[in-house]
Amino acid sequence: MDSEPGVSPRPTMILTHGYGDSRAAWEAQVRAFTPWFDIRTWDLPGHGDRHGSVETDADIGTTTAELEALVAQASRPVVLVGHSVGGYVALRCALTTAAPVLGVVLISTGPGFRSHTGITRWNVMIDRMTSALSLPAKTARVVRMTDFVVAEGLPGSDLPTLVVRGAEDRQVYLDGGAYIAARMKRARLCDVAGAGHDPHRTHASEVNAAITQFVAGLWPARGRAPSRPDGR
């Protein structure tokens, strides 16, 4: 979007949901942040309004490329927010592409893997989840892991990153968040007491407040942020 002469453009926030979910997962964030940011949500291939629609060549790379295209179309600066595997896609986009990303918010997100064994276990789990969710089998293609680029790219990244964890989430996600925060130069952890894997839904007030503080630090020129980032 165009800006007035001498005034920086309104920042864009692009939100990517987790596997088996849809863009509707971000209702509380859209409601809270729309007055201050250019909010963009989208459905992963095969999800939401795109249910069953998955190209034959779909993989984590093409999914990441879709997000990169959204970044390229957005006004600047851009902050990516992602939940679970949606957070992984957001991080992969920011680390492995030329997308001009100012910062990333990762909610209940892991760093991917550094071994073929880890990748195989993930892909088997995604296949099982796809069946349990009664999604078409081809949907699993969009998030199957194929490489180690994210895990290997963390130590060299100075990307500002907020890692949000539900304190009652599964240990694998708690460990994954800690792994990311320990290896990225400008990452910090935010634990949400009493929350599980979906703190952006169950504890929207706390998550939105953390996002507000994080983005305010990235974008001091605007100096304006929600006074009540609680989704109400």
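For the structure, check the block above.
Residues numbered from 1 in each chain as written. Predicted model: local features only at pLDDT ≥ 70, side-chain atom pairs only at ≥ 80, totals over all residues. Heavy atoms only, no water.

Engineer: Go over the overall build of the chain with me, naming the residues and quoting the values.
Structural biologist: When its secondary structure is counted, the chain shows eight helices and six strands. In the chain, the succession of helices and strands from N to C terminus is β-α-β-α-β-α-β-α-α-β-α-β-α-α. Expressed along its principal axes, the backbone C-alpha trace of the chain runs to roughly 50 × 35 × 35 Å. Burial status across the chain gives 52% buried among its 232 residues. Look at the contacts in the chain between residues 6 or more apart in sequence, and 76% of them connect residues 24 or more apart. Surface accessibility of the chain: about 10,400 Å² in total, with carbon and sulfur atoms responsible for 50%. Looking at charge distribution, the chain has the averaged site of its 24 positive side-chain charges lying 3 Å from that of its 23 negative ones. (Helix = DSSP H or I, 4+ residues; strand = E, 2+ residues; numbered from the N terminus. Buried < 20%, exposed > 50% of the residue type's maximum accessible area, 1.4 Å probe, protein only. Contact = heavy atoms within 4.5 Å. Areas by Shrake-Rupley, 256 points an atom, 1.4 Å probe, with all protein chains shown as cover. Lys, Arg positive; Asp, Glu negative; His and termini not counted. Charge placed at Lys NZ, Arg CZ, Asp CG, Glu CD.)

Engineer: For unusual backbone geometry, give the residues involved together with the corresponding values.
Structural biologist: Even without being a glycine, Ser 84 presents a positive backbone phi close to 55 degrees. Checked against the element boundaries, Ser 84 lands in the loop between β3 (78-83) and α3 (85-96). A positive phi angle, close to 55 degrees, is found at Ser 108, a residue other than glycine. Topologically, Ser 108 is positioned in the loop between β4 (101-107) and α4 (116-132).

Engineer: With reference to specific residues and values, describe the pairing of strand β1 (residues 12-16).
Structural biologist: Counting buried positions along β1 gives five out of five residues, so the element sits mostly inside the fold. In β1, alternate side chains face the same way, and those of Thr 12, Ile 14 and Thr 16 on one face and Met 13 and Leu 15 on the other are all buried. Of the pairings in the sheet, the one linking β1 to strand β2 (residues 38-42) comprises five bridges and is parallel in character. Looking at β2, one finds that Leu 15 is bridged to Thr 41. (Pairing = 2+ DSSP bridges.)

Engineer: Lay out the pairing of β3 in plain terms, naming residues and giving numbers.
Structural biologist: For β3, the buried fraction is high: six of the six residues fall into the buried class. A two-sided burial pattern is seen for β3, the buried positions comprising Val 78, Leu 80 and Gly 82 on one face and Val 79, Val 81 and His 83 on the other. With five bridges connecting them, β1 and β3 associate as parallel partners. Bridge pairing in β3 places Leu 15 opposite Val 81. As defined by bridge partners, β3 adjoins β4 across six bridges and the pair is classed as parallel. For Gly 82, the partnering residue across the bridge sits in β4 and is Leu 106. At this point the chain moves from β3, through α3, to the parallel β4, and the crossover so formed is right-handed. (Right-handed = clockwise from strand over helix to strand, strands pointing away.)

Engineer: Got a sec to walk through the sheet that holds β2? Specific residues and values, please.
Structural biologist: The strands making up a sheet associate through hydrogen bonds between their backbones, and the pairing can be parallel or antiparallel. Strand order in the open sheet formed by six strands is β2-β1-β3-β4-β5-β6, and the pairing between neighbours is parallel. Looking at which strands have only one partner, the edges of the open sheet turn out to be β2 and β6 (187-192). This sheet shows a mean twist of 15 degrees between the axes of neighbouring strands, independent of strand direction. In this sheet, strand β5 (residues 161-166) lies alongside β4 in parallel orientation, the contact comprising four bridges. Within β5, the residue paired with Leu 106 across the bridge is Val 163. Sitting on the sheet, helix α8 (residues 204-218) is in contact with β1, β3, β4, β5 and β6, with an inclination near 160 degrees to β4. (Axes fitted to C-alpha atoms, helices over the stretch in contact; angles between N-to-C directions.)

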